[in-house]
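If you want the building blocks of each chain, they are given just below.
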Amino acid sequence: MYLHTFNIGERSPYRTKRGGYILLISILAIGVIASAILSSLLLLGTSASHVSISIGQSSQALAAAQACAEYALLQLRTAPTYPGDELLDLNNGSCELLQIGGIGNNNRLLCLEGRSGDATRRLEIVVNQLLPETTITSWQEVTTFSLCQ
Amino acid sequence: MRALRNHSPQAQRRESHHSLSSPRGLLKNRHRGSLLLEAIIAIGVFVLFLGGMGFSLILGERSTIAAGDHARASFLAEQELEAVRAMRAQDFSSVSPGTHGVVLTATGWTFSGNGVVRNNYHTNVDVVSRGTDWVEVTANVAWNFGQTRSGALAITTYLTDWQKISTVGNWASVSRISLTTISGTPEFQKVVVAGNYAYVTSNRSAGGKGLYILDITNPAAPIQVASAFDLGASAYGLAVSGEYLYLATDDPAREVQIYDITSPSTLESSNLINSFDLPGEGQARSITVYGTTIFVGTLNDTVNNQLFALEMSALDPVVLLGSLNMSGSVLDLNLHEGYAYAAMDTNSAELEVVDIFDPENLSFAPGVGRDLTEVQDATAIATSGTAALIGRIAGTSIDELTMFSLADSPVPTPPPGPWTMDTGGDVLSLAIIDGNSFAFIGGTMDGAQLRVIDTLRLEHNQSPTLTTYDTEATIRGLFYDWQKDRLYSVTPSSLFVFAPG
């Protein structure tokens, strides 16, 4: 009968098996964490790209809304019966001028929506007086129009 | 010794026997072969993993840096546009067409060369003329910080010269440009000017057609157009908004009538695009419009309300939004900062103020209105800035013109004011030049049916009359044209055009 004896320094088969698992699980865990970090880095990079594109589109959308405001004020000064309700195309966006509120020289209301890509910016302007000098009561950006229908 | 023993032939034989004959031995042998392969695979996977990790890190970093470049470029483009906007605010003519760099100097932003490098970004603006007082401005930003860090963007907007100040003549004296008399008895009521046309309502009871249109392209010689048109009812108040003419008539079935005036010179019945039958029978007298909401005032009616808010649509029928019992006739209406100012025949409140923020729930402004001295009806109202002028039927013991301050509340709460003036006759129409102190009074004042006053002088209790004009007939309607600095007035059968000086 052959009796297997363990020498000093020789590992038990049970210990060897357990040690492998620990290593494997550790590698897997580190791998998962590393993968998560990598995915996050990639997503952060992609998100940053999207954000920068959104910033550009948002700037253009606001510029488009302001373009509509400038255009509408000029039209109103030229003809106070100018009704608005017009769509203007710019190079990188467009703007929509809603129907202008009020009649005559005082208390006119402008609602303007600029668009570029997925970005939309809205302006509400209350004109106190058109002529002889155009004075503005309020010029503010809004998320939704409250003064126009 | 153990090493020698282990390498002894016996030991090797035992080892060999043990390895080949027992399953454990076979397994051990197999492990030996697999170990290398596994190690190679593991190292390979690890290298791949490290490579992916490095690639992802580099890619993520590059994306973030590129995004930062793009965002900075957007902000620079915005700055360029704001700089040009600032230039426009100082002098529109300085925004000249062409491609320019924009630089900040001690006196402000100015064009310099055809481009500027700002933090290694190349920036310039393209200015293109789109018409009189109108330019298109495109801010361009380009950058190149290496193979993967280059790009360009552009933001476009319009700038117009809406901030320029139009000159108003000196109305301390007036000169008549033209007098146009329509034959028959048109019985003109009110006048509104829009573009190159004057729209005049008339009373049909004496033979008028209800509505007259005059081409005033040459104000010195107005020409009646669409002369075959007959409204079929008397019209009183009127308003023009966009391409529509709104009329308050005595037509019992459609007191409110809306005409398409795209082509005023060929106006005919088919241009009636919408109408509304108010409660009562032909009582509408005053009308004004805000966007798509029409406000109509009627004569006193014990059964029905006298102020109505309607929703206008070119395609759908006009809808009644709300109404309010004013307890009297609404003879004139004027909108001012979310409130309707009504000239009333009510003895206890000749001026009534209505909150119109919610047309479906019309309500009196806090304080309701003002009771003027005696009982003469208020017939005309005009507002500008913080002033409200109210004109009344003549009375021996009253001043027919009253001016209130609206500085403190929608319903005037004197003091300060009110300031009054004896005009010597009925005041039937009023007009104010905004941003100025000139105001016009039209009425029955014998020999001075048109009176020009200075409201500042009235406020300082000085004689406000600057000049008068004898139109030899009652002035029923006045309209000041801001674009041309001209005053239009109508007597029962004539249209007068006045200029300052």
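Owing to the predicted nature of the structure, the values given are computational and were not obtained by experimental measurement.

**Some words on the overall build of chain A**
Along chain A, the regular secondary structure elements total one helix and five strands. Mapped in sequence order, the helices and strands of chain A form the string α-β-β-β-β-β. Every one of the 149 residues in chain A was classed for burial, and the buried ones make up 42%. Pairs at least 24 residues apart make up 47% of the contacts formed inside chain A by residues separated by at least 6 positions.

**Observations concerning the pairing of strand β27 (residues 401-405) of chain B**
All names here are of chain B. Most of β27 is tucked away: four of the five residues are buried. Note that strand β26 (residues 387-392) and β27 share five bridges and pair antiparallel. Opposite Leu-389, over in β27, you have Met-403 as the bridge partner. Across three bridges, the pairing between β27 and strand β28 (residues 419-421) is antiparallel. Within β28, the position partnered with Met-403 by the bridge is Trp-419.

**Considering the domain arrangement of chain B**
When cut into domains, chain B gives domain 1 (46-160) and domain 2 (175-325 + 475-501). Put simply, the middle of domain 1 of chain B and the middle of domain 2 of chain B, counted by C-alpha atoms, are 52 Å apart.

**Things to note about the environment of Val-225 of chain B**
Residue and element names in this part refer to chain B. If you trace the backbone, Val-225 turns up in strand β12 (residues 223-225). Residue classification places Val-225 among the partly exposed positions, given that 17 C-beta atoms sit within 10 Å. Not counting the four nearest positions on each side in its chain, Val-225 is found in contact with Ile-213, Leu-214, Asp-215, Pro-264 and Ser-265.

**Section: the sheet that holds β26 of chain B**
Residue and element names in this part refer to chain B. Read across the sheet, four strands follow the order β25-β26-β27-β28 without closing on themselves; strand pairing throughout is antiparallel. Two strands close off the open sheet at either side, each with one partner strand: β25 (378-384) and β28. Ignoring strand direction, the axes of neighbouring strands in this sheet form an average angle of 15°.

**Considering the interface of chain A and chain B**
Chain A puts 48 residues into the contact, and the matching count from chain B is 54 residues. Elements supplying a minimum of two residues to the side of chain A that touches chain B: α1 (13-78) and β3 (106-116) of chain A. Looking at the side of chain A that touches chain B, the element that brings in the most residues is α1 of chain A, giving 26 residues.

**Let's talk about the sheet that holds strand β20 (residues 319-324) of chain B**
All names here are of chain B. Overall, antiparallel pairing links the four strands, which are arranged β17-β18-β19-β20 in an open sheet. Every interior strand has two partners, whereas the edge strands, β17 (284-290) and β20, have only one. Strand-to-strand twist in this sheet, taken as the mean axis angle between neighbours without regard to direction, amounts to 20°. Alignment of strand β19 (residues 307-311) against β20, held across five bridges, turns out to be antiparallel. Paired with Phe-308 across the two strands is Ser-323, which belongs to β20.

**Examining the nonpolar core**
Residue and element names in this part refer to chain B. In terms of nonpolar packing, the biggest core is built from 162 residues, with Tyr-199, Leu-389 and Leu-430 touching the most fellow members. Two domains each donate at least three residues to this core, and these are domain 1 (46-160) and domain 2 (175-325 + 475-501). Leaving out residues up to four positions away in the same chain, Leu-430 has contacts with Ala-380, Ile-381, Ala-382, Leu-389, Gly-391, Ala-439, Phe-440, Ile-441 and Leu-478.

**Thoughts on the confidence of the model for chain B**
Residues and elements named next belong to chain B. Per-residue pLDDT for chain B has a mean of 90; in total, 93% of the residues score no lower than 70. pLDDT under 50 marks residues 15-21. Its contacts with residues more than four places away, or in other chains, come to five contacts. Here the prediction assigns the complex a pTM of 0.75, and the interface score ipTM is 0.83.

**Points about unusual backbone geometry**
Peptide bonds are mostly trans, and most non-glycine residues show a negative phi. With omega at 0°, the peptide bond leading from Leu-131 of chain A into Pro-132 of chain A counts as cis. Residue Pro-416 of chain B is reached from Pro-415 of chain B by a cis peptide bond, and omega for that bond is 5°. Residue placement: Pro-416 of chain B occurs in the loop between β27 and β28. At Asn-120 of chain B, a position not held by glycine, the phi torsion is positive, near 70°. By secondary structure assignment, the location of Asn-120 of chain B is in the loop between β4 (116-118) and β5 (121-131). Of note, Glu-472 of chain B is a non-glycine position whose phi angle comes to about 65°, a positive value. You can see Glu-472 of chain B is positioned in the loop between β32 (465-469) and β33 (477-481). With 11 C-beta atoms counted inside 10 Å, the residue Glu-472 of chain B sits in the exposed group.

Cut-off values and rules
Residues numbered from 1 in each chain as written. Chains lettered and ligands numbered in written order. Predicted model: local features only at pLDDT ≥ 70, side-chain atom pairs only at ≥ 80, totals over all residues. Helix = DSSP H or I, 4+ residues; strand = E, 2+ residues; numbered from the N terminus. Buried ≥ 20, exposed ≤ 12 C-beta atoms within 10 Å, placed from the backbone. Contact = placed C-beta atoms within 7 Å. Pairing = 2+ DSSP bridges. Domains from an automatic or database assignment. Axes fitted to C-alpha atoms, helices over the stretch in contact; angles between N-to-C directions. Core = buried A, V, L, I, M, F, W, Y, C linked by C-beta atoms within 7 Å. pLDDT = per-residue confidence, 0-100.

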